[in-house]
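Given next are the chains, with one letter for each unit.
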Amino acid sequence: MLLKIHKDHQRFRHIVKGKIREDLRRFLTRGELIGKEGKYIVSIPIPSIDLPSFRYGSNDDSGVGVGDAKPGDGVDADGEGIGPGGTEPGNHILEVDITLDELADILGEELQLPRIKPKGRHEITTQKDRYSGIRQAGPESLRHFKRTFRRALRRQIISGTYNPNNPRIIFERRDKVYRSWRTVQQPQSNAVIIYMMDVSGSMGDEQKELVRLEAFWIDAWLRRNYEGVECRYIVHDVRATEVDRHTFFHLREDGGTKISSAFKCARDLIGARYNANEWNIYLFHFSDGDNSSESDNRECCRLLVDHLLPSLNLFGYCQVASAYGSGNFINVLLEQLGEEDTLITTRVNTKDDIYDSIKTFFSPGK
Amino acid sequence: MPSKLPSDIAKQVKTIAAYAREEGLDFYETIFELLDFDEMNQVAAYGGFPQRYPHWRYGMEYERLRKQHSYGLSRIYEMVINTNPCYAYLLRDNQPVDHKTVIAHVYAHADFFKNNVWFEHTNRKMLDEMANHATRIRRYVDRFGFEAVEKFLDTCLSLEDLIDPHSLFMRRTTSGPVPQENDRDIDRQVVKYPSKSYMDRFINPPERLDAQRRRLRADHLKRKRAEPQNPLRDVLLYLMQHAQLEDWQADILSMVREEAYYFAPQGQTKIMNEGWATYWHSTVMTRYCLQDDELITYCEHHAGTVASSPGRLNPYKLGVELIRDIEERWDLGRYGREYEELTDMEARRRWGKGRKRPERVTGKESAGREKIFQVRRIYNDVTFIDEFLTPEFVDKHKLYHYRYDPSTRRMVVVDRDFDKIKKQLLFSLSNHNRPYIYVVDGNYANRGELYLAHKHNGVDLQIKYATDTLTKVQEIWGRPVHLQAQINDEMVLFTHDGEQSQQRTVTDDLPQPVHSL
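Quick caveat: nothing in here was measured; it's all calculated off a predicted structure.

1. Let's talk about the overall build of chain A
So, step 1. When its secondary structure is counted, chain A shows 10 helices and 13 strands.
So, step 2. Going through the 366 residues of chain A one by one, you find that 33% of them count as buried.

Here you go:
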């Protein structure tokens, strides 16, 4: 059935996509696309247009809440979002606990990303058990407590043996239900993501925050698409070294920039560990694009063409805006290697650009 | 869209209506319709109505609701609209027990709409009115083009809060011309000190009297020319009457304003209305309708409705608990001067313990019941909280006051001080938590410019939104517009002249508007 509202909805989608009404794009807000790691509270991006109106400013940041908290405790905004909101007007960003897989699916749907077609040995399959159903028999360790409890409670209420003053529930054999599983065949494909970051003097905290967010989403999407994903991290100024994840995001910046050093390091790493026939290899490089010299730019292009690009699924170069530096490296890549379809470049200036950047990286479906 | 109700639901509707009447609820005839989930989302996006004018914001709301539903975040069980007869929508794939709960809930809303005094001036034929608006706007779209109409609608919607919901209930002193005052009237107002005639020249020097006369005459002239005569909160009305608009634009503005007034009481009574409906669905269900095998589903869904989470205040929960608290207090006689003046908490707690609460009340048989029926008639959220929120209640329900802590960048619990909590609650409920904006001069500096002012009550305006919104006011007004607001303890004047915005500190050498707040 076609509803009247579909016209309004269509119109809204067109405005969001920027096809019409450029003036309204100014007021477009997006969900922030933030994943808090560990607990995975995630804002689901639902675009909305926030028409301006007179409203209270920031010294209004107070309210009334409910709970056991003591003065000084933080008020966690991790409400489930079920039911009506509170007295505060909603800010149109939904927050909810979801798994990383679901999150990646939502991201994929939102950005209309195609599923990645893995290359390499997909004929190798593995077996995996998935819990997918409920049945009446099974081992006690798989007993579904909530359903069993409800069945027992229902039975006791119907048969009149339930006493609200002494609410004791006794399970019987016929109440018990168990989770059951199905064995599924899955093609096995492995991927490795190598992140490279420029930690020269011009990359500040703000830039690194952008890199962290971008890397989080790259991670989420690739993990959704591959069975096993390995991550490697390389930092470089004029020299490059492999580091662990924590160091990668927390290393203090210093020194000049020689991008080819990182490319060499990546080449050696791939050569030693990751055979291109067996691995799907993703290489991402984050930099403010301020390379030290022309000759190094040439060296970079040579390394890419001869060693890296042939073995990669994707080389993503993401240039973050910086207060210093020319940001010229992206132009060098585009001029020299613009034809290569495994090379994709994006620019990220603010958090809003991350959305588009992820879309650019993964829309070819590689 | 209308479809005949399945016979089992129709039967339930009839029975529950009878129970609700027996309990004293009084409502217009209520027509139920079954909708599937997509239709429900449409109706909800349209604010409960089957017909609205075309605008993208309904599409936006629709998308939000649909996503919330498909990600399992929330679910709309029912919608009910304030009309006569009342229309209510049920979600088709609800379970029978949900239908029963929702029907009982709806009847309480219908009772509230009919009887609460704040709804007295709403148009009970709004269904037709909304459809008329849709037709009129479609006609304008055909004549003036979609973009032109949509853009103008956007402009109006930015300003839709700028109404005066109380104006429906009282006569503001704005209307009528200032009475003529001739010289004798003015002479009568001149202050003269009593004196002996030979001293009069010294006690009331003629030049001082002249100066006074001149000032009074100037004041009078100013009052006569003042436009508007008093600060005016209904900015939309002022724009409608005085801005240079095409007829179709004025018509659109009037429709937006009319709809804003229609929805205003619902914003003013959210807590009470939901509390009242929750009180009654729970009473009707537990007393009459619930089958044994439905108990658990009912409990689960009821608990979901009144669930609270940290940092959020659930209006359903707050409303129903306050109503129950009022009922208990009036049953036990915990009101009146003698009780209010008790400072000993122990004595307060013991008060009325000897009285036995009536076991099973129907209708208004008990004092508590009678009181809550009175409350639902004459209060709105602000007066409701102001009158009935007690320290005992705040303590029992563990309310706290939180605010943003810049050093940790988190919302932090400040304390459980009753006065602060109450103040905060009242603040966030007043005027829908929107700032008060007044027209203070419609002919500022005699240049036909519009001068608005923000009445500061502790919280500043958001500057970015204020300047953007001012642009919208200017689009309607045509001439330059000004907004005076207190920002960081400093009076600031925002101005938009059609091309650019500027912002300056208010100083004495700027011309004064005719009124100040």
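2. Side note on the domain arrangement of chain B
So, step 1. Looking at chain B, the domain boundaries give domain 1 (7–116 + 269–289), domain 2 (127–164 + 233–266), domain 3 (183–225), domain 4 (310–434) and domain 5 (435–505).
So, step 2. Each of domain 2 of chain B and domain 4 of chain B has a C-alpha centre, and these two points are 39 Å apart.

3. Remarks on the interface of chain B and chain A
One widely used convention gives an interface's size as the accessible area the parts lose upon coming together.
So, step 1. Tallying the contact residues gives 71 residues for chain B and 58 residues for chain A.
So, step 2. It is helix α3 (residues 56–70) of chain B that contributes the most residues to the side of chain B that touches chain A, nine residues altogether.
So, step 3. Along the lines of polarity and charge, the residues of the side of chain B that touches chain A split into 34 nonpolar, 19 polar and 18 charged.
So, step 4. The pairing of strand β4 (residues 62–66) of chain A with strand β4 (residues 399–405) of chain B spans five bridges and is classified as antiparallel. Each residue of the ladder has a partner; that of Gly65(A), found in β4(B), is Tyr400(B).

4. Considering helix α7 (residues 259–273) of chain A
All names here are of chain A.
So, step 1. The terminal C-alpha atoms of α7 lie 22 Å apart, and with 15 residues this matches the ideal 21 Å at 1.5 Å per residue to within 8%.
So, step 2. When α7 is considered as a whole, its buried residues turn out to be Ile259, Ser260, Ser261, Ala262, Phe263, Lys264, Cys265, Ala266 and Ile270.
So, step 3. Structurally, α7 contributes buried residues whose contacts are with β8 (190–198), β9 (228–236), β10 (240–243), β11 (279–287), α8 (294–308) and α9 (329–337).

5. Observations concerning the sheet that holds strand β5 (residues 410–415) of chain B
So, step 1. Ordered in space as β4(A)-β4(B)-β5(B), the three strands form an open sheet in which the pairing is antiparallel. Each edge of the open sheet is held by one strand with a lone partner, namely β4 of chain A together with β5 of chain B. Strand-to-strand twist of the sheet, defined as the mean angle between neighbouring strand axes without regard to direction, takes the value 40°.
So, step 2. Here helix α20 (residues 418–429) of chain B sits on the sheet and contacts β4 of chain A together with β4 and β5 of chain B; the angle it forms with β4(A), its principal contact strand, is near 115°.

6. Observations regarding helix α13 (residues 295–306) of chain B
Residues and elements named next belong to chain B.
So, step 1. Relative to the 16 Å expected for 12 residues at 1.5 Å per residue, α13 spans 16 Å between its end C-alpha atoms, a close match to the ideal helical length.
So, step 2. Taken as a whole, α13 has its buried residues at Tyr298, Thr305 and Val306. Each buried residue of α13 sits inside an arc of 85° when the element is viewed along its axis, so together they form one side. Exposed residues lying more than 90 degrees from the buried face of α13 are Glu300 and Ala303.
So, step 3. Contacts from the buried residues of α13 go to α4 (96–115), α12 (270–289) and α14 (315–332).

7. Let's talk about the nonpolar core
So, step 1. Ala104(B), Tyr107(B), Val235(B), Leu236(B), Ile252(B) and Leu452(B) are the most contacted members of the largest nonpolar core, which totals 119 residues.
So, step 2. Tallying contributions element by element places α4(B) first for this core, with nine residues.
So, step 3. The contact partners of Ala104(B), leaving out residues within four places of it in the chain, are Ile16(B), Ala20(B), Trp280(B), His281(B), Val284(B) and Met285(B).
So, step 4. In this structure, Ala191(A), Leu210(A), Tyr233(A) and Val348(A) belong to the second largest nonpolar core, which totals 58 residues.

8. Comments concerning unusual backbone geometry
All names here are of chain B.
So, step 1. The amide bond that connects asparagine 84 to the next residue, proline 85, takes the cis arrangement and shows omega of -5°.
So, step 2. Following the sequence through the fold, proline 85 ends up in the loop between β2 (78–81) and β3 (86–91).
So, step 3. A positive phi angle is found at asparagine 488, which is not glycine, with a value near 45°.
So, step 4. Mapped onto the fold, asparagine 488 is located in the loop between β8 (481–487) and β9 (490–496).
So, step 5. Residue class for asparagine 488 comes out exposed when judged on the 9 C-beta atoms lying within 10 Å of it.
So, step 6. One non-glycine residue, aspartate 489, adopts positive backbone phi at about 65°.
So, step 7. Tracing the chain through its elements places aspartate 489 in the loop between β8 and β9.
So, step 8. For aspartate 489, a count of 7 C-beta atoms within 10 Å corresponds to the exposed category.

9. Some thoughts on the pairing of β3(B)
Residue and element names in this part refer to chain B.
So, step 1. Counting buried positions over the six residues of β3 gives five, a clear majority of the element.
So, step 2. Bridging between strand β1 (residues 30–35) and β3 involves six bridges; their strand directions are parallel. By the bridge assignment for β3, leucine 34 is matched with leucine 90.
So, step 3. Here β2 folds back onto β3 in antiparallel fashion, the turn holding four residues.

10. Structural notes on the environment of Arg64(B)
So, step 1. Relative to the assigned elements, Arg64(B) resides in helix α3.
So, step 2. Separated by 19 residues in the primary sequence, Arg64(B) and Ala45(B) have C-alpha atoms spaced 8.9 Å apart.

11. Concerning the sheet that holds strand β10 (residues 501–505) of chain B
Residue and element names in this part refer to chain B.
So, step 1. One open sheet accounts for five strands, arranged β6-β7-β8-β9-β10; its pairing is mixed. Lying at the two open borders of the sheet, with one neighbouring strand each, are β6 (436–444) and β10. The sheet shows a mean angle of 25° between the axes of neighbouring strands, direction not considered.
So, step 2. Sheet topology places β6 next to strand β7 (residues 449–455); six bridges connect them, and they run antiparallel.

Basis of the calculations
- Residues numbered from 1 in each chain as written.
- Chains lettered and ligands numbered in written order.
- Predicted model: local features only at pLDDT ≥ 70, side-chain atom pairs only at ≥ 80, totals over all residues.
- Helix = DSSP H or I, 4+ residues; strand = E, 2+ residues; numbered from the N terminus.
- Buried ≥ 20, exposed ≤ 12 C-beta atoms within 10 Å, placed from the backbone.
- Domains from an automatic or database assignment.
- Contact = placed C-beta atoms within 7 Å.
- Nonpolar A, V, L, I, M, F, W, Y, C, P; charged D, E, K, R; others polar.
- Pairing = 2+ DSSP bridges.
- Expected span 1.5 Å × (residues − 1).
- Axes fitted to C-alpha atoms, helices over the stretch in contact; angles between N-to-C directions.
- Arc of directions from axis to C-beta.
- Core = buried A, V, L, I, M, F, W, Y, C linked by C-beta atoms within 7 Å.

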